[in-house]
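Residue-level listing of the chains:
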Amino acid sequence: MSQKGTINVAVENIFPLIKKFLYSDHEIFLRELVSNATDATLKLQHLARIGEASVELGDQKIEIKIDKEGKKLHIIDQGLGMTEDEVQKYINEVAFSGAEEFLEKYKDTAKDSGIIGHFGLGFYSAFMVADQVEIITKSFKDEPAVHWTCDGSPNYTIEPAEKENFGTEIILHISDDETEFLEESRINELLNKYNKFMPVPIKFGTKTETLEKPEGAKEEDPAPTQEVDNIINNPDPAWTKQPADLEDQDYKNFYRELYPMQFEEPLFNIHLNVDYPFNLTGILYFPKMTQDLNVQKDRIQLYQNQVFVTDNVEGIVPEFLTMLRGVIDSPDIPLNVSRSYLQADGAVKKISSYITRKVADKLKSLFNEDRKAFEEKWNDIKIVIEYGMLSEDKFFDKADKFALYPTVDGDYYLWDELVEKIKPAQTDKDDKTVILYASNKEEQHSYTAAAKKKGYEVLLLDSPIVSHLMQKLESSKENISFVRVDADHVDNLIKKEEEQISKLSDEEKEALQKTITETIADTSYTVQVEAMSSDAAPFMITQPEFMRRMKEMQATGGGGMMGFGNMPDMYNLVVNGNSDLVQSIFNEKDEEKKSGLIQQAVDLAKLSQGLLKGEKLTEFVSRSYELIK
Ligand code: ADP
Ligand code: MG
């Protein structure tokens, strides 16, 4: 007794919609159907567990089969199946979610069953790729099997079927313009992308396994082989287990499973596990970071009940953590909404701040457990931490317990340790503690050496966003400022009360300043004659902190710094009026000789800052040969 009917009129126009607009991604039909097959399997397991189904379950699996000749794709499960009434209800009344009903009915016991349910249009997404869809299903309730067929119009037929065992087979008659879904490699790719960690084993074809050679086999005898099911997924991925049940090696193995193309080991991992007020599990890994913030090929993957959803976690995970890798699994993240809506969603906000807190706690405990090891990793993780401090105030506050400030000599200080250490020697006359730093050990070597000679501590701050972080630290910590070692002459970096006695009068200084300015004739240099100790360098090029930092901040994406980026680099040429060389230049009567001396001295100062290039450098070299002839 075959029946015909029309699928719920309210959805009459839904098919063309499904096909064209709802999902631009046709491929997700497979995720939906495998999710339903998984649900059907888990539901039956649940019913058996609570004594509502008395069936022999066996090793339930899901099978995907391609019939290339017949242009069909089969998805077969050994789940709970459907009776005719259930097909009527769950399939024909399209907008009705059986998963929701099941969870409602069994809400006390099935809460943690892992049933997936709504993703989107679910079963009907099959029509994105198929002209015709068949369901052959037999309920575990020992009712006759049912055969449902629909050609994509709202009309369907339903008739009795031959099927021995409980479970469901979905048959898709793949449309002519979707034949990619009949290719083994394409289906393999999709199963790997969406179903790699689903909780029920998924079989896709078979594979040949090599067995041990039997006892006494000859060298030249081939090893015996056997055909076994090709199971494409790992139904028990590490993140679904308790942290206490996992060894360090298990985490590393899982990393390899997630990112087969990554050869570098992760530095450490963070196991996420909450069930209140939202449900979330996952493992995040800190990979070795490069200086380049844009290189992040392998990203955090978002799952729902072990079904892959996306690897774009923007809006769900705080931005600074998107540099990490790993997995987040939460059924509480709304998926069918725009990203901007997501960010405003209460649950998502909580999830995001939970993850931030967990990461901060983990960093703190890693630091406390083994400071030395943490210091060794600092260079590889600092970008994430510095970025986090900049972008998340809560993280910034917590970071005092683990963010490190390394010196050029390889010592590492926490913020409070640093300030305490440098305060006595590096507090200026206005009671500001000045933190000196270099951004490049080699290039700023002479400046660093001069500062160290004075007993100052010099940090090495070289990550690309550190200028932003300094700005933030200066505005949130009291009475401190950062100054790069080459921002001024060492005597001026930290201004103390005592003044050097000048060998030149103010008028003489002015005259010298004018002569030098005219000789070098370069507007990017401001000449500054100062009285410093007579053994300090006679000429020195410095780059004032403020302008340089603003330019750096704009280069690395600082809002509000507009305009600085286009300005030319500005330098100070600091002339030590008390040095013997400057004295003798000043007293030189032969004008030509005088300007030659100035030229040579200024070039030396430029050379030590790496600023002497091209034609000017060539001239300098030949002039120098002349001098030593
Ligand atoms: P959802 O999964 O959100 O419930 P679907 O449209 O994907 O929505 O599926 C509708 C319903 O059809 C399911 O809830 C289930 O009751 C039934 N169903 C779909 N596929 C199967 C299957 N393979 N085995 C048993 N029931 C199924
Ligand atoms: Mg579904």
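Residues numbered from 1 in each chain as written. Chains lettered and ligands numbered in written order. Predicted model: local features only at pLDDT ≥ 70, side-chain atom pairs only at ≥ 80, totals over all residues. Heavy atoms only, no water.

Draft legend 1. Local environment of the overall build of the chain. In terms of helices and strands, the chain carries 19 helices and 22 strands. Long-range contacts, defined here as pairs at least 24 residues apart, represent 70% of the contacts in the chain between residues at least 6 apart. In the form shown here, the chain has an accessible surface area of approximately 31800 Å², with 48% of it arising from carbon and sulfur atoms. (Helix = DSSP H or I, 4+ residues; strand = E, 2+ residues; numbered from the N terminus. Contact = heavy atoms within 4.5 Å. Areas by Shrake-Rupley, 256 points an atom, 1.4 Å probe, with all protein chains shown as cover.)

Draft legend 2. Fine view of a nonpolar patch on the surface. On the surface, Val621, Tyr625, Leu627 and Ile628 cluster together to form a nonpolar patch covering roughly 460 Å² of accessible area. With respect to the helices and strands, the residue leucine 627 is situated in helix H19 (residues 614–628). (Patch = residues over 30% accessible without salt bridge, like charges linked within 9 Å, V, L, I, M, F, W, Y side chains within 5 Å. Salt bridge = Lys/Arg side-chain N within 4 Å of Asp/Glu carboxyl O.)

Draft legend 3. Examining the environment of methionine 289 more closely. Here methionine 289 shows up in the loop between strand E11 (280–286) and strand E12 (301–304). For methionine 289, a relative accessible area of 15% gives the class buried. Between the C-alpha atom of methionine 289 and that of proline 266, which follows or precedes it by 23 residues, the distance is 9.9 Å. Apart from residues no more than four positions distant in its own chain, methionine 289 is found in contact with Met323, Leu324, Asp380 and Val384. (Buried < 20%, exposed > 50% of the residue type's maximum accessible area, 1.4 Å probe, protein only.)

Draft legend 4. Spatial organisation of the sheet that holds strand E20 (residues 525–530). Strand order in the open sheet made by the three strands is E20-E22-E21, with mixed pairing throughout. Every interior strand has two partners, whereas the edge strands, E20 and strand E21 (539–542), have only one. Direction aside, the axes of adjacent strands within the sheet are offset by 25 degrees on average. The sheet contacts of helix H15 (residues 506–520) involve E20, E21 and strand E22 (571–576), and relative to E20 the element is tilted by about 150 degrees. (Pairing = 2+ DSSP bridges. Axes fitted to C-alpha atoms, helices over the stretch in contact; angles between N-to-C directions.)

Draft legend 5. Representation of the side chain of histidine 271 in the model. By the secondary structure assignment, histidine 271 is in strand E10 (residues 268–274). Within polar-contact distance, the side chain of histidine 271 engages the backbone oxygen of lysine 241 at 3.4 Å. At 2.7 Å, the side chain of histidine 271 and the side chain of tyrosine 251 are in polar contact. Beyond its immediate stretch of four places on either side in the chain, histidine 271 contacts Ala238, Trp239, Lys241, Pro243, Leu246, Tyr251, Gly282, Ile283 and Lys358. (Polar contact = N/O pair within 3.5 Å; in protein donor to acceptor, adjacent residues only side chain to side chain.)

Draft legend 6. Highlighting the UniProt feature "binding site: ATP" (unreviewed entry) in the chain. Residues annotated by UniProt as "binding site: ATP" (unreviewed entry) correspond here to Glu32, Asn36, Asp77, Met82, Ser97, Gly98, Thr168 and Arg339. Here threonine 168 lies in strand E7 (residues 167–174). Threonine 168 gets classed as buried once you look at its relative accessible area, which sits at 6%. (UniProt positions renumbered as here; feature names shortened; annotations may be inferred.)

Draft legend 7. The arrangement of the packing of H15 against helix H18 (residues 591–608) in detail. Contact geometry for H15 and H18: axes closest at 10 Å, N-to-C directions at 75 degrees. Taken together, the axes of H15 and H18 lie roughly perpendicular to each other. On H18, the residues touching Thr515, Ile516, Thr519 and Ile520 of H15 are Lys594, Ser595, Ile598, Gln599 and Val602. Taken together, the residues that form the contact of H15 with H18 break down as four nonpolar, four polar and one charged. (Parallel < 35°, antiparallel > 145°, perpendicular 65-115°, else oblique. Nonpolar A, V, L, I, M, F, W, Y, C, P; charged D, E, K, R; others polar.)

Draft legend 8. Inspection of the nonpolar core at higher detail. In terms of nonpolar packing, the biggest core is built from 60 residues, with Phe286, Ile355 and Leu363 touching the most fellow members. If one sorts the elements of this core by residue count, helix H8 (residues 346–369) sits on top with nine residues. Lining this core are residues from two domains, each supplying at least three of them: domain 2 (238–378) and domain 3 (404–498). In this view, isoleucine 355 contacts Leu272, Leu280, Leu284, Val317, Leu321 and Ile328; residues no more than four positions away in its chain are not counted. Residues Phe29, Ile170, Leu191 and Ala238 belong to the second largest nonpolar core, which totals 57 residues. (Core = buried A, V, L, I, M, F, W, Y, C linked by side-chain atoms within 4.5 Å. Domains from an automatic or database assignment.)

Draft legend 9. Structural view of the environment of serine 533. Its location among the elements puts serine 533 in the loop between E20 and E21. What makes serine 533 partly exposed here is its relative accessible area of 23%. A C-alpha to C-alpha distance of 10.0 Å links serine 533 and glutamate 499, two positions 34 residues apart in sequence. Apart from the residues within four sequence positions on either side, serine 533 is in contact with Asp491, Gln500 and Asn576.

Draft legend 10. Local environment of a negative patch on the surface. Residues Asp430, Asp431, Glu497, Glu498 and Glu499 make up a contiguous surface patch of negative charge. Looking at the element boundaries, glutamate 497 is found in the loop between helix H14 (490–493) and H15. (Lys, Arg positive; Asp, Glu negative; His and termini not counted. Charge placed at Lys NZ, Arg CZ, Asp CG, Glu CD.)

Draft legend 11. The sheet that holds E12, seen in detail. Taken together, five strands build an open sheet; the order of strands is E10-E11-E14-E12-E13 and the sheet is mixed. Each edge of the open sheet carries a strand with a single partner, namely E10 and strand E13 (307–310). On average, adjacent strands in this sheet sit at an angle of 20 degrees to one another, irrespective of strand direction. In this sheet, strand E14 (residues 325–329) lies alongside E11 in antiparallel orientation, the contact comprising five bridges. Paired with glycine 282 across the two strands is isoleucine 328, which belongs to E14.

Draft legend 12. Fine view of the UniProt feature "coiled-coil region" (unreviewed entry) in the chain. UniProt's entry tags residues 487–514 with the feature "coiled-coil region" (unreviewed entry), counted in the numbering of this structure. End C-alpha to end C-alpha, residues 487–514 measures 22 Å, and it is 46% helix and 0% strand.

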